[in-house]
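Chains, contacts and geometry: an overview
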Amino acid sequence: MLARQCSFGRVSLRTSLRLSRSGIVNDFFSLTSVRTSSNKVVSISPASSSWVERMPLRLRPYMYLTRIDKPIGTLLLFYPCTWSITMAAYSLHTPVTTPLVYTVLFGTGALVMRGAGCTINDMWDQRLDRAVERTRERPLARDDITQRQALIFLAGQLGIGLGVLLQLNWYSILLGASSLSVVTIYPLMKRITHWPQAVLGLAFNWGAMLGWSAVAGAVDWHVCLPLYAGGVCWTLVYDSIYAHQDKKDDVTAGIRSTALLFGTQSRLILSGLSASSMSLITLAGYLNDQTAPFFLGVSLAAAQLARVLIRTDFDVRESCWRGFVGCGWSGFWVWAGALGDYAFGLL
């Protein structure tokens, strides 16, 4: 019988898969504890000091599934939305309520859809995650919840996401819905190409177009295309750093990534991608007639990326994680620059 050694003794995974109740609602909440060899019932949530551990026991696997305790992923999805929302508001001289409302809407959407993306990813990768040290404690990999429970939960996430999307104009609704195909196929890419980070970039930066269309009613392609391309290059930087955390396990598991593709040339290649990202975002600002505050923000973003690439040790997992999180600050500085420009325009 397959078993796992934990701090509380040996836990039967087969036992954990026996549902105590039937029906959709009970399926959703049933798998939250197992029995040890001493017949003691214990939690099967991952050992962690996360605030999620203070939540009700039955909710924990679903909260870990969404990575809600690691907000950096939500921010990386959110920032390209803020760039385009603020740049569109600047270009159209909208009242302050316009970017404020859309920033709140897109923030909510980023939180929900990042969680949905994690659910989709983990449903695809349940077996692969068991072969990677960093991911083998994820709820699906641990059999804390079943594929059926995850699917029911995903339906709820997508329902909330649809509710947010329906607050936008029809052009934006169709544009936003079209991103789901990219989100869905992303987990498959790591099995067939060394460029899954590029596919993630296509999905994670959709907001660089969607934010503009939400404010303006349609995408201004001559501004949004370089902004989107710059965001994709930015994603290649931070997600390649992220992928370096697992490169040893990935070889064994048959997972492909730009971290393995770039290898010892990662710092040089990621420096080039960082320069491309900042250049393309600068071009988008130039085409949108942005002024000094915007370009100051982009300069600070570039300095942050340079700092990350200088300090990151690609062979040390903790250093890669710090570098990954540090890349998020570059996205913030671009937004701060756009906000500064917009604020000065209101004066």
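Residues numbered from 1 in each chain as written. Predicted model: local features only at pLDDT ≥ 70, side-chain atom pairs only at ≥ 80, totals over all residues. Heavy atoms only, no water.

On to the overall build of the chain, then. Each helix and strand counted, the chain has 17 helices and four strands in total. Here the chain holds 347 residues, and the buried ones make up 53% of them. Within the chain, contacts between residues separated by at least 24 positions form 70% of all contacts whose residues are at least 6 apart in sequence. (Helix = DSSP H or I, 4+ residues; strand = E, 2+ residues; numbered from the N terminus. Buried < 20%, exposed > 50% of the residue type's maximum accessible area, 1.4 Å probe, protein only. Contact = heavy atoms within 4.5 Å.)

All told, the structure shown has 13 salt bridges when counted by the stated rule. Of the charged contacts in the structure, one is a salt bridge between Arg-191 and Asp-125, with a shortest N-O distance of 3.0 Å. Separated by 66 residues along the polypeptide, Arg-191 in helix H9 (residues 180-192) and Asp-125 in the loop between helix H5 (97-124) and helix H6 (126-130) bring together distant segments of the chain. Relative accessible area serves as the criterion here: at 28%, Arg-191 is assigned to the partly exposed category. A salt bridge links Arg-130 to Asp-143, with the shortest nitrogen-to-oxygen separation between them at 2.9 Å. Note that Arg-130 is positioned in helix H6 and Asp-143 in the loop between H6 and helix H7 (147-165), a separation of 13 residues in sequence. By relative accessible area, Arg-130 is classed as partly exposed at 35%. (Salt bridge = Lys/Arg side-chain N within 4 Å of Asp/Glu carboxyl O.)

Evaluation of the coordinates by the stated rule reveals 16 aromatic pairs. Centroid distance Trp-329 to Phe-332: 5.4 Å. Interplanar angle 80 degrees. Geometry classified as edge-to-face. In this pair, Trp-329 and Phe-332 are both assigned in helix H17 (residues 317-346), three residues apart and thus about one turn of the helix distant. Residue Trp-329 is classed as partly exposed on the basis of its relative accessible area of 47%. By relative accessible area, which is 25% here, Phe-332 ends up partly exposed. Ring pairs connect the aromatic residues Phe-78, Tyr-79, Trp-329, Phe-332, Trp-333 and Trp-335, which therefore count as one cluster. (Phe/Tyr/Trp six-rings, centres within 6.5 Å; stacked < 30°, edge-to-face > 60°.)

A separate point is a nonpolar patch on the surface. On the surface, Leu-296, Leu-300, Trp-329 and Trp-333 cluster together to form a nonpolar patch covering roughly 400 Å² of accessible area. Those elements that place two or more of their residues in the nonpolar patch are helix H16 (292-311) and H17. (Patch = residues over 30% accessible without salt bridge, like charges linked within 9 Å, V, L, I, M, F, W, Y side chains within 5 Å. Areas by Shrake-Rupley, 256 points an atom, 1.4 Å probe, with all protein chains shown as cover.)

The next thing to look at is the nonpolar core. Of all hydrophobic cores here, the largest spans 65 residues; its most connected members are Phe-106 and Ile-241. Here this core takes twelve residues from helix H12 (residues 221-243), the largest share from any one element. Setting aside residues no more than four positions away along its own chain, Ile-241 makes contact with Leu-270, Val-308, Leu-309, Thr-312, Phe-314, Cys-320, Gly-323, Phe-324 and Cys-327. Counting six residues, the second largest nonpolar core, distinct from the first, contains Tyr-62, Leu-65, Leu-140 and Phe-153. (Core = buried A, V, L, I, M, F, W, Y, C linked by side-chain atoms within 4.5 Å.)

The subject of this paragraph is the confidence of the model for the chain. For the chain, the mean per-residue pLDDT works out to 86, and 86% of the residues sit at or above 70. Note that pLDDT drops below 50 for residues 1-47; the model gives that stretch 92 contacts with residues more than four away or on any other chain. (pLDDT = per-residue confidence, 0-100.)

Right, let's talk about the side chain of Ser-257 for a bit. As for its position among the elements, Ser-257 is in the loop between helix H13 (247-253) and helix H14 (258-262). Look at Ser-257 and you get buried, because its relative accessible area is 2%. If we skip the residues at most four places from it in the chain, Ser-257 touches His-194, Pro-196, Gln-197, Ala-243 and Asp-250.

Before going further, it helps to spend a moment on H9. In the structure, H9 departs most strongly from a straight axis at Tyr-186, where the bend amounts to approximately 45 degrees and where the proline Pro-187 lies between one and four residues downstream. Every buried residue of H9 is listed here: Val-182, Tyr-186, Pro-187, Met-189 and Lys-190. Residues of H9 that are buried in the fold lie against H5, helix H10 (196-204) and H12. (Bend = angle between axes of the 7 residues up to and from the residue.)

Once that is clear, we can look at the environment of Met-55. Its place among the elements puts Met-55 in the loop between strand E4 (41-43) and helix H3 (60-66). Given the relative accessible area of 28%, Met-55 is considered partly exposed. Contacts of Met-55, omitting those with residues within four sequence positions, involve Arg-60 and Met-63.

Another aspect to go through is the packing of helix H4 (residues 72-92) against H17. Two elements in contact, H4 and H17, have axes whose closest approach is 9 Å; the angle formed by their N-to-C orientations is 15 degrees. By the angle class used here, H4 and H17 are roughly parallel. Crossing of H4 over H17 shows left-handed handedness. Packed against H4, whose contacting residues are Ile-72, Leu-76, Phe-78, Tyr-79, Thr-82, Trp-83, Thr-86, Met-87, Ala-89 and Tyr-90, the element H17 presents Trp-321, Phe-324, Val-325, Gly-328, Gly-331, Phe-332, Val-334, Trp-335, Ala-338, Leu-339, Asp-341 and Tyr-342 at the interface. Split into classes, the residues belonging to the contact of H4 with H17 amount to 17 nonpolar, four polar and one charged. (Axes fitted to C-alpha atoms, helices over the stretch in contact; angles between N-to-C directions. Parallel < 35°, antiparallel > 145°, perpendicular 65-115°, else oblique. Left-handed = near helix turned anticlockwise from the far one by under 90°. Nonpolar A, V, L, I, M, F, W, Y, C, P; charged D, E, K, R; others polar.)

Along the chain, the position of Ala-336 falls in helix H17. Spatially, the C-alpha atom of Ala-336 lies 9.6 Å from that of Thr-86, the residues being 250 residues apart in sequence.

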